[in-house]
Amino acid sequence: MKRDKFINYAHRGASEYAPENTFLSFYAGIFMGANGIETDVHLSRDGVAVLFHDEKLERMTGESGSISDYTLKELKSFWVKKNNLKDRIITLDEFLYRFKDFDLTFAIELKGDKTAKPTAELITKHGVADKVVITSFKYNELLDMHALLPSIRLGLLHQGEVNDELLEKMKADGINEICPESYFVNKDNCKSWHEKGFNVRAWGVYNTDLMQNLVKCGVDGMTVNFPDKLCEYLSTNGENNESNSNTEK
Ligand code: G3P
Ligand code: CA
């Protein structure tokens, strides 16, 4: 399923610059020209889908315990911090309500267990199925999502080499995007994944050398903490680059 539009996903928003998975980092990514946003879903103690990467609160908020130890109301009292910036934890509902009419693709990662059902309900509520790719390292969460929303695009996040057995299983299970770690992508395997009908979207783009190599390999998109640098590179080196129209409206 090779798509013709390259997606520059602001990874947890423009997380190199702003507190990840907050409105601040999402808007920063849009301002920098990203045409996609990647984010992570966990459940609060009272079962609300919230956007947060880690299971534990410590790294981003300085608070103790796990996301699932707190109600949404309690989580909303914490600050997510980066450098001298801070913002609040938000829900997936708030995220979709705010951004559903933007010219963006959303890569929504099912990070926590049992996140498929509440995520599917919110995708339906906001009518954004055609703008979403659901991703996860957890194969079972993708299967759960497929059962709930059979036509939603699904991407498997994978660490290490991608083998044919895995690709065959994905195809049989309706998973149409392979998301390899950037180190494991080369021109040959990218071409072969495309020939097998997969969209290829890389993750783990830790520096601009990896970023540039992925563009040369022909991936369909990647998640980057620095969407501004990818925009700049694509503007002179990319093919099929369409910047978003969100900053022109
Ligand atoms: O692009 C997917 C990427 O977000 C997966 O890794 O740890 O940042 O969720 P992580
Ligand atoms: Ca993620």
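All values derive from a computational prediction rather than experimental measurement.

A closer look at the overall build of the chain
Assigned secondary structure in the chain consists of 10 helices and 11 strands. Relative to a compact globule of 249 residues, whose C-alpha radius of gyration would be 18 Å, the chain shows 17 Å and is just as compact. A principal-axis box enclosing the C-alpha atoms of the chain has dimensions of 50 × 40 × 35 Å. Expressed as a percentage of its 249 residues, the buried residues of the chain come to 56%. Of all intrachain contacts in the chain linking residues separated by at least 6 positions in sequence, the fraction that spans at least 24 positions is 58%. Carbon and sulfur atoms form 48% of the exposed surface of the chain, whose accessible area is close to 11300 Å².

Some remarks on the coordination of the calcium ion (ligand 2)
Protein coordination of the calcium ion (ligand 2) is provided by E38 (OE), D40 (OD) and E109 (OE), with donor distances spanning 2.1 to 2.2 Å. Counting gaps between the donor residues of the calcium ion (ligand 2) yields the pattern E-x1-D-x68-E. An identical accessibility class is assigned to E38 and D40; each is buried.

Here's the deal with the site of ligand 1
Every residue near ligand 1 is listed here: H11, R12, E38, D40, H53, E109, K111, F137, L157, R201, W203 and T223. When the free accessible area of ligand 1 is taken as 290 Å², the share hidden by the protein chains comes to 91%. The class makeup of the residues in the shell around ligand 1 is 3 nonpolar, 3 polar and 6 charged.

Things to note about the side chain of N189
Its location among the elements puts N189 in helix 8 (residues 187-195). Within the structure, the side chain of N189 is placed 2.8 Å from the backbone oxygen of F184, a separation counted as a polar contact.

Let's talk about the environment of G155
Of note, G155 is situated in strand 8 (residues 153-158). Measuring from C-alpha to C-alpha, the distance between G155 and F137 comes to 8.9 Å, with 18 residues separating the pair along the chain. When near neighbours in sequence (up to four residues on either side) are disregarded, G155 contacts V133, I134, T135, S136, L142, I175, E177 and C179.

Focus on the pairing of strand 8
Most of strand 8 sits inside the fold, with 6 of its 6 residues counted as buried. Relative to strand 8, strand 7 (residues 132-136) runs parallel, the two sharing 4 bridges. Within the sheet, the bridge partner assigned to I134 lies in strand 8 and is L154. Regarding topology, helix 6 (residues 139-148) serves as the crossover connection from strand 7 to the parallel strand 8, and that connection is right-handed.

Topic: the packing of aromatic side chains
All told, the structure shown has 12 aromatic pairs when counted by the stated rule. With 5.2 Å between their ring centres and 80 degrees between their planes, F99 and F102 make a pair best called edge-to-face. Grouping aromatic residues by their ring pairs yields a cluster made of F23, F26, Y27, F95, F99, F102 and F106. It is R201 that lies over the ring of Y9; its NZ or CZ is 5.4 Å from the centre.

The rules we used
Residues numbered from 1 in each chain as written. Chains lettered and ligands numbered in written order. Predicted model: local features only at pLDDT ≥ 70, side-chain atom pairs only at ≥ 80, totals over all residues. Heavy atoms only, no water. Helix = DSSP H or I, 4+ residues; strand = E, 2+ residues; numbered from the N terminus. Rg over C-alpha atoms; globule rule 2.2 N^0.38 Å. Buried < 20%, exposed > 50% of the residue type's maximum accessible area, 1.4 Å probe, protein only. Contact = heavy atoms within 4.5 Å. Areas by Shrake-Rupley, 256 points an atom, 1.4 Å probe, with all protein chains shown as cover. Donors = N, O, S within 2.8 Å, 3.2 Å for Na, K, Ca; no water. Near = heavy atom within 4 Å. Nonpolar A, V, L, I, M, F, W, Y, C, P; charged D, E, K, R; others polar. Polar contact = N/O pair within 3.5 Å; in protein donor to acceptor, adjacent residues only side chain to side chain. Pairing = 2+ DSSP bridges. Right-handed = clockwise from strand over helix to strand, strands pointing away. Phe/Tyr/Trp six-rings, centres within 6.5 Å; stacked < 30°, edge-to-face > 60°. Lys NZ or Arg CZ within 6 Å of the ring centre and 35° of its normal.

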